[in-house]
Amino acid sequence: MQEELKIPRHIAFIMDGNGRWAKKRLLPRKVGHREGVAALRRMIEECDKAGVGMVTFYAFSTENWTRPQEEIDALFKMVSEFADKYLSDYVKRGYRIMFMGDLTKLPADTVAALKKILEAAKGNNGMIVNIALNYGARDEILRAINTILASGVREVDAQTVSDCLYTAGLPDPDVIVRSSGEKRLSNFMLWQAAYSELIFVDDYWPDFDEKVFLRILQEYSKRDRRYGNVRRID
Ligand code: FPP
């Protein structure tokens, strides 16, 4: 008999392996990223079907600027097209859309496409789709520290910091999934990951589909989340 699946409130994906997926097929890296966008769309569908409340994707890190300019340009072109073509559709479905990271450094046309989506999604209250762009957890924590210092408070607790992050008021990820067999967080949601389950999947990101998603839910359902306690909490 199939064990009952636990559905995370918030699932976050570190999308890795687009380049290797393409290399294996002797294709340009750009094609790997294009297939990566298709995988991202499949995961949004799966999360919606499963009843996940929030899904986060690590699309571009503060370290990714060191990539060849041609690849950076291609990636942001894909982000703009994704916003026009698909995010607008997600907005119509009622999803809440958010972007975390320093968007001021992004190409102007990409920023314009994202702003249009944010405007259109105002008032939605469905699943939260969060896309990390020019995001780095250390940057995020430093921004929070500077905001707190500027406010003049003398004592800080964990809630004070959480309230100054991009994810203020939202649940921490119950599970963080990284594709392509790499086992590290790479400056992703370091504060929010304090109690997240970590799942490392060998498949390259463009191969993520319904079956991989089910495997993730099965693995997550087996984990015993104790939050430092001795007994199982959920
Ligand atoms: C990691 O693979 C992937 C990225 C750095 C970019 C992820 C971007 C997308 C899936 C597409 C654009 C996003 C949106 C929101 C439309 P890699 O290139 O590091 O792969 P490798 O480690 O195999 O070289």
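Keep in mind that what you see is a predicted model, and the values were worked out from it rather than measured.

As for the site of the ligand
Alright, step 1. Near the ligand you find 19 residues, and of these Met15, Gly19, Arg20, Arg29 and Arg67 are the closest.
Alright, step 2. A distance of 3.2 Å is found between an oxygen atom of the ligand and a side-chain nitrogen or oxygen belonging to Asp16.
Alright, step 3. Between the ligand and the protein, one listed contact pairs an oxygen atom with a side-chain N or O atom of Arg67 at 2.8 Å.
Alright, step 4. For the ligand, the accessible surface in isolation is 620 Å², of which the surrounding protein chains cover 92%.
Alright, step 5. Of the pockets mapped on this structure, the ligand occupies the largest pocket.
Alright, step 6. Looking at the shell around the ligand element by element, the count peaks at 5 residues for helix α2 (residues 29-50).
Alright, step 7. Of the residues belonging to the shell around the ligand, the class tally is 9 nonpolar, 6 polar and 4 charged.

Looking at the environment of Leu149
Alright, step 1. Relative to the helices and strands, Leu149 is located in helix α5 (residues 137-151).
Alright, step 2. Taking relative accessible area as the criterion, Leu149 reaches 61% and is therefore assigned exposed.
Alright, step 3. Put simply, Leu149 and Trp65 are 84 residues apart on the chain and 29 Å apart in space, counted from C-alpha to C-alpha.

What to know about the packing of aromatic side chains
Alright, step 1. Counted under the stated rule, the structure contains 15 aromatic pairs.
Alright, step 2. With a centroid separation of 4.8 Å and an interplanar angle of 40 degrees, the aromatic rings of Trp205 and Phe208 are classed as tilted.
Alright, step 3. Residue classification places Trp205 among the buried residues on the basis of a relative accessible area of 0%.
Alright, step 4. Ring pairing ties together the aromatic residues Phe13, Phe57, Trp205 and Phe208, which thus form one cluster.
Alright, step 5. The side chain of Lys6 reaches across the aromatic face of Tyr220, ending 5.5 Å from its centre.
Alright, step 6. In this structure, Arg41 packs its charged tip against the face of Tyr86, placed 3.8 Å from the ring centre.

Describing the layout of surface pockets
Alright, step 1. Counted as a void, the largest pocket has a volume near 640 Å³.
Alright, step 2. Element by element, the count of residues in the lining of the largest pocket is highest for helix α3 (residues 69-92), at 6 residues.
Alright, step 3. Across the lining of the largest pocket, the residue classes tally to 17 nonpolar, 8 polar and 6 charged.
Alright, step 4. The space that makes up the second largest pocket amounts to roughly 330 Å³.
Alright, step 5. In terms of lining, the second largest pocket is formed by 14 residues, of which the most central are Arg34, Val37, Met78, Glu81 and Lys85.
Alright, step 6. Going through the elements one at a time, α2 and α3 are the ones with two or more residues in the lining of the second largest pocket.
Alright, step 7. Split by residue class, the lining of the second largest pocket holds 7 nonpolar, no polar and 7 charged.

What counts as what
Residues numbered from 1 in each chain as written. Predicted model: local features only at pLDDT ≥ 70, side-chain atom pairs only at ≥ 80, totals over all residues. Heavy atoms only, no water. Near = heavy atom within 4 Å. Polar contact = N/O pair within 3.5 Å; in protein donor to acceptor, adjacent residues only side chain to side chain. Areas by Shrake-Rupley, 256 points an atom, 1.4 Å probe, with all protein chains shown as cover. 1 Å grid on protein atoms, 1.4 Å probe; cavity = no way out; pocket = protein on both sides within 12 Å on 5 of 7 lines; lining within 4 Å. Sits in = over half its atoms within 2 Å of the grid points. Helix = DSSP H or I, 4+ residues; strand = E, 2+ residues; numbered from the N terminus. Nonpolar A, V, L, I, M, F, W, Y, C, P; charged D, E, K, R; others polar. Buried < 20%, exposed > 50% of the residue type's maximum accessible area, 1.4 Å probe, protein only. Phe/Tyr/Trp six-rings, centres within 6.5 Å; stacked < 30°, edge-to-face > 60°. Lys NZ or Arg CZ within 6 Å of the ring centre and 35° of its normal. Points joined across faces, edges and corners; volume = space filled by probe spheres on them.

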